[in-house]
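Remarks on the overall topology
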Amino acid sequence: MENFDSEYWKLINDFEDYIKFGQLSGRKIPEAVLRKVAVKKADTLDNIAAEVCGCRKCRLCQGRHKAVPGMGVMHPDVMVIGEGPGGDEDVQGLPFVGAAGKYLDKWLAAIQLDRNQNCFIGNVVKCRPPGNRDPQPDEITFCLPYLKRQIAILKPKMILTVGRISGGIISGQEPVMGRLRGHIFYFDGIPVIPTYHPSAVLRNPSLRQAVWDDLRFLRSELDRIKNGC
Ligand code: URA
Ligand code: SF4
């Protein structure tokens with residue numbers, strides 16, 4: 001016990017010296033102490049964006065012009081999660097800036113949401129799949145940690161997934177839109193509402209009513225959360 005106590009106090013003193021002087025008075029800092037005081041730097045959206053822009057973890061890095069880390073505000077009311085960048089996004093390095101993105105902005109505006117005011121927009125994979133094909137399972141596996149880190153930092157009040165790929169990944173369910181829609185799921189305690197992808201609705205306008213129902217559902221859940229009930 002005595003031995004333990006003296007070891008303990010020695011460690012505390014070494015730690016204090018290190019904090020005060022950046023080194024142990026005249027002595028070389030033992031590795032064990034350095035390991036104990038190595039404080040992990042906080043993760044940030046900027047860190048993640050820098051890592052994404054230099055990432056070569058999967059084959060999608062080969063065809064990209066720009067990676068697309070995501071954009072929006074910190075602690076958003078809603079984080080929108082799409083599938084992966086398309087052609088326009090790949091050129092600009094920004095999410096949902098093509099035709100589907102303009103349409104998505106209208107959906108958001110209809111329920112008082114805006115990517116520059118109260119939303120963050122991201123994707124499951126950060127580099128464009130060639131010819132806009134679906135991202136493959138291994139590409140998703142490599143890229144998903146970035147999205148999870150973004151969610152952990154952003155702490156959105158709610159998540160809106162657009163399309164079956166992000167709906168399936170974030171809800172943990174089979175990626176079948178008919179089964180995802182109309183339900184609320186949870187990702188790390190954050191409520192998730194899935195809807196169709198704006199590109200699908202542009203191709204098939206008969207889906208518009210369903211999307212409107214989902215958006216109204218999202219808005220009412222968000223209001224409930226914001227009002228604390
Ligand atoms: N489609 C997506 O899923 N994400 C984008 O960023 C653009 C189009
Ligand atoms: Fe890296 Fe994701 Fe781009 Fe693949 S898609 S290279 S994992 S950032």
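For every chain, the first residue of the written sequence is number 1, and numbering continues from 1 along that sequence. Going through the entries in the order they are written, you letter the chains from A and number the ligands from 1. The predicted nature of this model means local features are confined to residues of pLDDT at least 70 and side-chain atom pairs, given and counted, to a pLDDT of 80 or more, with totals for whole chains, interfaces and linings taken over all residues. Based on all heavy atoms of the structure, the side-chain values leave hydrogens and waters out of the count.

Secondary structure is summarised from DSSP: a helix means a run of H or I of at least four residues, a strand means a run of E of at least two, and numbering begins at the N terminus for each. A tally of regular secondary structure across the protein gives 10 helices and 6 strands. Sorting the 229 residues of the protein into buried and exposed places 45% on the buried side. Shrake-Rupley sampling with a 1.4 Å probe provides the accessible areas, and residues are treated as covered by the protein chains on show and by no other component. Carbon together with sulfur atoms contributes 55% to the accessible area of the protein, which is approximately 12600 Å² in total. Accessibility here uses a 1.4 Å probe with only protein chains present; expressed as a share of the type maximum, an area under 20% marks a residue as buried, one over 50% as exposed, and anything in between as partly exposed.

This next bit is on the side chain of R219. Tracing the chain through its elements places R219 in helix α10 (residues 208-226). Residue R219 is classed as buried on the basis of its relative accessible area, which comes to 15%. Among residues more than four places away in sequence, those in contact with R219 are I111, Q112 and L113. Two residues qualify as a contact provided that any one of their heavy atoms is within 4.5 Å of a heavy atom in the partner residue.

Moving on, we come to the packing of aromatic side chains. For Phe, Tyr and Trp, rings pair up if their centres lie within 6.5 Å, where Trp contributes its six-membered ring, and each pair is then called stacked (planes under 30 degrees apart), edge-to-face (over 60) or tilted (otherwise). Considering all chains together, one arrives at 1 aromatic pair under this definition. With a centroid separation of 5.3 Å and 70 degrees between ring planes, the pair formed by Y103 and W107 is classed as edge-to-face. Within this pair, Y103 and its partner W107 are both found in helix α5 (residues 99-110), separated by 4 residues, close to a single helical turn. Looking at Y103, the relative accessible area reads 18%, which means it is buried.

Our focus in this paragraph is the site of ligand 2. Summary of the distance rule: residues count as near a molecule or strand when at least one heavy atom falls within 4 Å of that molecule or strand. The environment of ligand 2 is formed by C55, K57, C58, L60, C61, R64, K126, C127, F142, C143 and Y146. Residue classes in the shell around ligand 2 are distributed as 8 nonpolar, no polar and 3 charged. Polarity classes work like this: nonpolar for Ala, Val, Leu, Ile, Met, Phe, Trp, Tyr, Cys and Pro, charged for Asp, Glu, Lys and Arg, and polar for all others, with Gly in that last group.

Next up on the list: the nonpolar core. Definition of nonpolar core: a set of buried residues of the types Ala, Val, Leu, Ile, Met, Phe, Trp, Tyr and Cys, connected through side-chain atoms within 4.5 Å. Ranked by internal contacts, the top residues of the largest apolar core, which has 53 residues, are V78 and I159. When sequence neighbours within four positions are dropped, the list of residues in contact with I159 reads M79, I81, I151, I170, F187, I190, P191, V192 and I193.

In the vicinity of ligand 1, the residues found are G82, E83, G84, E89, P95, F96, N123 and H197. Whenever two N or O atoms come within 3.5 Å, that pair is a polar contact, provided that in protein one can donate a hydrogen and the other can accept it, and provided that, for residues adjacent in sequence, both atoms are side-chain atoms. E83 is positioned such that a nitrogen or oxygen atom in its backbone is 2.8 Å from an oxygen atom of ligand 1. Here H197 contributes a side-chain N or O atom positioned 2.9 Å from an oxygen atom of ligand 1. Burial of ligand 1 by the surrounding chains reaches 92%, relative to a free accessible area of 240 Å². Taken together, the residues that form the shell around ligand 1 break down as 2 nonpolar, 4 polar and 2 charged.

Quick look at the packing of helix α3 (residues 45-53) against helix α6 (residues 137-154) now. For helices, the fitted line uses only the C-alpha atoms of the stretch in contact; every axis is such a line through C-alpha atoms, and the angle between N-to-C directions lies from 0 to 180 degrees. Two elements in contact, α3 and α6, have axes separated by 10 Å at closest approach and are oriented at 165 degrees. Taken together, α3 and α6 sit at an angle that is classed as roughly antiparallel. As α3 packs across α6, the resulting crossing turns out to be left-handed. Residues L45, I48, E51 and V52 of α3 form the contact with α6, whose own contacting residues are Y146, R149, Q150, I153 and L154. Counted by class, the contact of α3 with α6 contains 6 nonpolar, 1 polar and 2 charged residues. Roughly parallel here means an angle under 35 degrees, roughly antiparallel means over 145, roughly perpendicular means 65 to 115, and every remaining angle is called oblique. In this scheme, a crossing is called left-handed if the near helix is turned counterclockwise away from the far one by less than a right angle; it is called right-handed if the turn is clockwise.

Moving on, we come to the side chain of E89. Here E89 lies in helix α4 (residues 87-92). Polar contacts involving the side chain of E89 include one to the main-chain amide nitrogen of G98, which spans 3.1 Å. Setting aside its immediate chain neighbours within four residues, E89 contacts V68, L94, P95, F96, V97 and G98.

Moving on to the pairing of strand β3 (residues 119-123). Burial runs high along β3: 5 of the 5 residues are buried. In β3, alternate side chains face the same way, and those of C119, I121 and N123 on one face and F120 and G122 on the other are all buried. Strand pairing is assigned whenever DSSP identifies at least 2 bridges connecting the two strands. Taken together, the 2 bridges between strand β1 (residues 71-72) and β3 define a ladder with antiparallel strand orientation. Its bridge partner being in β3, G72 is matched across the sheet by F120.

With that settled, consider the sheet that holds strand β2 (residues 78-82). Pairing between the strands of a sheet is mediated by backbone hydrogen bonds and can be parallel or antiparallel. Spatial ordering of the open sheet is given by β1-β3-β2-β4-β6-β5, a layout of 6 strands whose pairing is mixed. Looking at strand neighbours, the two that pair on one side only are β1 and β5 (185-187), the edges of this open sheet. In the packing of α5 onto the sheet, the strands contacted are β2, β3, β4 (158-162) and β6 (190-195), and the crossing angle to β3 comes to about 145 degrees.

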